[in-house]
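The lines below spell out each chain.
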Amino acid sequence: MAAHGTVVLRVCRALVGVQDADDVWQETFLAALRAYPESGGIRNREAWLVTIARNKSMDHHRRAGRLPVPSGNAQAPLAVAWTATAGAVAAAAGGDDVVRALEAGEDAAMVWSAVALLPEKQRLAVIYHHLAGLRHAEVAGLLGNSEAAARRAASDGLKALRVQLLGQDREQP
Amino acid sequence: MIANRELPSELLPLAVDEDGAVARLRAALPAAAAAAGLVDVAYRVVDSPVGQLLLAGTEVGLVRVAFSREGHDAVLAALATTVSPRILRAPSRLDAAARELDEYFGGRRHSFDLPLDFRLANGFRREVLAHLPEIGYGHTASYAAVAALTSSPRAVRAVGTACARNPLPLVLPCHRVIRSDGSQGAYLGGPDAKALLLALEAAPQP
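Residues numbered from 1 in each chain as written. Chains lettered and ligands numbered in written order. Predicted model: local features only at pLDDT ≥ 70, side-chain atom pairs only at ≥ 80, totals over all residues. Heavy atoms only, no water.

## Concerning the overall build of chain B
What chain B contains, in helices and strands, is 7 helices and 6 strands. Seen in sequence order, chain B has helices and strands lined up from the N terminus as α-β-β-β-α-β-α-α-β-α-α-β-α. Every one of the 206 residues in chain B was classed for burial, and the buried ones make up 49%. Taking contacts inside chain B between residues at least 6 apart in sequence as the whole, the part at least 24 apart equals 60%. For chain B, the exposed area adds up to about 9,900 Å²; of that, 52% sits on carbon and sulfur atoms. (Helix = DSSP H or I, 4+ residues; strand = E, 2+ residues; numbered from the N terminus. Buried < 20%, exposed > 50% of the residue type's maximum accessible area, 1.4 Å probe, protein only. Contact = heavy atoms within 4.5 Å. Areas by Shrake-Rupley, 256 points an atom, 1.4 Å probe, with all protein chains shown as cover.)

## Points about the overall build of chain A
When you go through chain A residue by residue, the secondary structure sums to 8 helices and 0 strands. Put simply, chain A runs from its N terminus to its C terminus through helices and strands in the order α-α-α-α-α-α-α-α. Within chain A, the fraction of its 173 residues that count as buried is 46%. Across chain A, contacts joining residues at least 24 apart in sequence account for 65% of those joining residues at least 6 apart. When the accessible area of chain A is evaluated, it comes to approximately 8,300 Å², of which 55% is carbon and sulfur surface.

## A look at the pairing of strand β3 (residues 62-67) of chain B
Residues and elements named next belong to chain B. Of all 6 residues in β3, 6 are buried, a share of seventy percent or more. Two strands pair when backbone bridges link them, and strand β2 (residues 53-57) and β3 are joined in this way by 5 bridges, in the antiparallel orientation. Its bridge partner being in β3, L55 is matched across the sheet by V65. (Pairing = 2+ DSSP bridges.)

## Considerations on the sheet that holds strand β4 (residues 87-89) of chain B
Residues and elements named next belong to chain B. The mixed open sheet is built from 4 strands, whose spatial order is β3-β2-β1-β4. At either margin of the open sheet sits one strand with a lone partner, and together these are β3 and β4. For this sheet the average axis-to-axis angle between neighbouring strands, irrespective of direction, equals 25°. Note that strand β1 (residues 41-46) and β4 share 3 bridges and pair parallel. Bridging from a neighbouring strand, Y43 pairs with R89 of β4. (Axes fitted to C-alpha atoms, helices over the stretch in contact; angles between N-to-C directions.)

## What to know about the confidence of the model for chain A
Residues and elements named next belong to chain A. Considering every residue of chain A, the mean pLDDT works out to 81; 75% of them sit at 70 or more. Confidence, read as mean pLDDT per element, is least for helix α4 (residues 75-92) in chain A (47) and greatest for helix α6 (residues 120-131) (96). Under a pLDDT of 50 for its full length, residues 70-84 has, in the predicted model, 20 contacts with residues more than four places off or in other chains. (pLDDT = per-residue confidence, 0-100.)

## Quick look at the pairing of β1(B)
Residue and element names in this part refer to chain B. Of all 6 residues in β1, 5 are buried, a share of seventy percent or more. Judged from the 5 bridges that link them, β1 and β2 form a sheet pairing that is antiparallel. Bridge pairing links Y43 to A56 in β2. Between β1 and β2, which follow one another and run antiparallel, lie 6 residues, and G51 among them has a positive phi close to 95°.

## Let's talk about the UniProt feature "active site" (unreviewed entry) in chain B
Residues and elements named next belong to chain B. Following the UniProt record, one finds the feature "active site" (unreviewed entry) at C174. Checked against the element boundaries, C174 lands in the loop between α6 (156-164) and β6 (177-178). What makes C174 buried here is its relative accessible area of 3%. (UniProt positions renumbered as here; feature names shortened; annotations may be inferred.)

## Focus on the interface of chain B and chain A
With 27 residues of chain B at the interface, the matching set in chain A holds 34 residues. Summed over both partners, the interface of chain B with chain A comes to about 2,800 Å²; 69% of that surface belongs to carbon and sulfur atoms. Between the two partners, chain B and chain A, sit 4 salt bridges. Here B:D17 and A:R13 are joined by a salt bridge, their closest N and O atoms 2.9 Å apart. Across the chain B-chain A interface, the total number found is 6 residue pairs in polar contact (both at pLDDT 80 or more). Counting residues per element, the side of chain B that touches chain A draws most heavily on helix α1 (residues 18-35) of chain B, at 10 residues. A breakdown of the residues in the side of chain B that touches chain A according to their chemical character gives 20 nonpolar, 1 polar and 6 charged. (Buried area = accessible area lost by both parts, 1.4 Å probe. Salt bridge = Lys/Arg side-chain N within 4 Å of Asp/Glu carboxyl O. Polar contact = N/O pair within 3.5 Å; in protein donor to acceptor, adjacent residues only side chain to side chain. Nonpolar A, V, L, I, M, F, W, Y, C, P; charged D, E, K, R; others polar.)

## What to know about the pattern of salt bridges
Evaluation of the coordinates by the stated rule reveals 16 salt bridges over all chains. With a shortest N-O distance of 3.2 Å, A:E138 and A:R135 are connected by a salt bridge. Accessibility expressed as a relative area gives 17% for A:E138, which makes it buried. Two residues, B:R119 and B:D117, come together in a salt bridge whose shortest N-O distance is 2.8 Å. The network of salt bridges with common partners includes B:E100, B:E103 and B:R109.

## A closer look at the nonpolar core
Among soluble globular proteins, nonpolar side chains are generally buried collectively. By size, the foremost hydrophobic cluster in this structure holds 102 residues, and its most contacted members are A:Y128, B:L11, B:L53, B:L55, B:L62, B:F105 and B:L170. Take this core: its biggest share by element is 9 residues, from helix α2 (residues 18-35) of chain A. The contacts of B:L62, once residues within four sequence positions are left out, are B:L55, B:A56, B:G57, B:L94, B:A97, B:L114, B:P115, B:L116, B:D117, B:L168 and B:V171. Formed by 11 residues, the second largest nonpolar core is a distinct cluster that contains B:V63, B:A66, B:V75 and B:L79. (Core = buried A, V, L, I, M, F, W, Y, C linked by side-chain atoms within 4.5 Å.)

Dropping the structure here:
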């Protein structure tokens, strides 16, 4: 089960942000352990864990009294929050590591904010399919749409993301 | 787990610090799970002169010691089926077992003083295993001699089976059980491991 730690972390970071993702990651695995003896019939453990991570992320937003999903115009505050995290990571390191971590953190923050700008279904399809590696049929189960629609949303979402990122690059001096 | 090469290039920057973050989260999980009463089997892997050993323990005590040739993944999968799927790598829960084995391989320990969980052996096998510690350090006994200690003194072959399926080798010294003709006989850790253990116990003490 721990082999899926990376996939679950990606989903948590995408759904609640890098800073809160660690807590949701742990809640996800504790919930999975709690459910384990009754989960013998689970065919795809990874999709099952991603579903738990999704539910725990929604719980997290509900507790925080926030909207369950970042809306399109949330780009600026999200980008600020993620860059601040990268800065903190960089400050904790030293010398060249600071520069490298800061640059890597800025690149990641840029991609996260571009993901946050995508329309809801595309954003989730990109997260579940391209980032977490679930199959389109499993994504459709999470999104409540058809496999064809999930496939289209993942593909359109990635295209839109590419355009987003090219636009951001051009804005940089 | 999906590899980074499967990530679309647009998403690659998101993966930069993942490995460190996941390692940190995994390291913290056993304590949180134990606090929530969710770890039924804790395990760790230790190095030894007979190769890597998997140690697994329950709330009762040490439940499994496995040689690498048994396939640690297969052993963990079997524990998930027979004991509980709530298995986590939690090294600190097996500190005592790791320390006593280390002392044993260093020639400083002649018997183990660990709580044991015998649940993986039932009936006659369990009876045989319970008698194994009566064969002292540096001594050997034949399968027939061990059978004579049990309620079925003629069940020599069953003693062989019990030793071959010993869930707690080293701690329950099935390596001290040899054939009546004096030859070593088989060992679940392999013939080389058995020879090494018998030589270790025959060596002059430091």
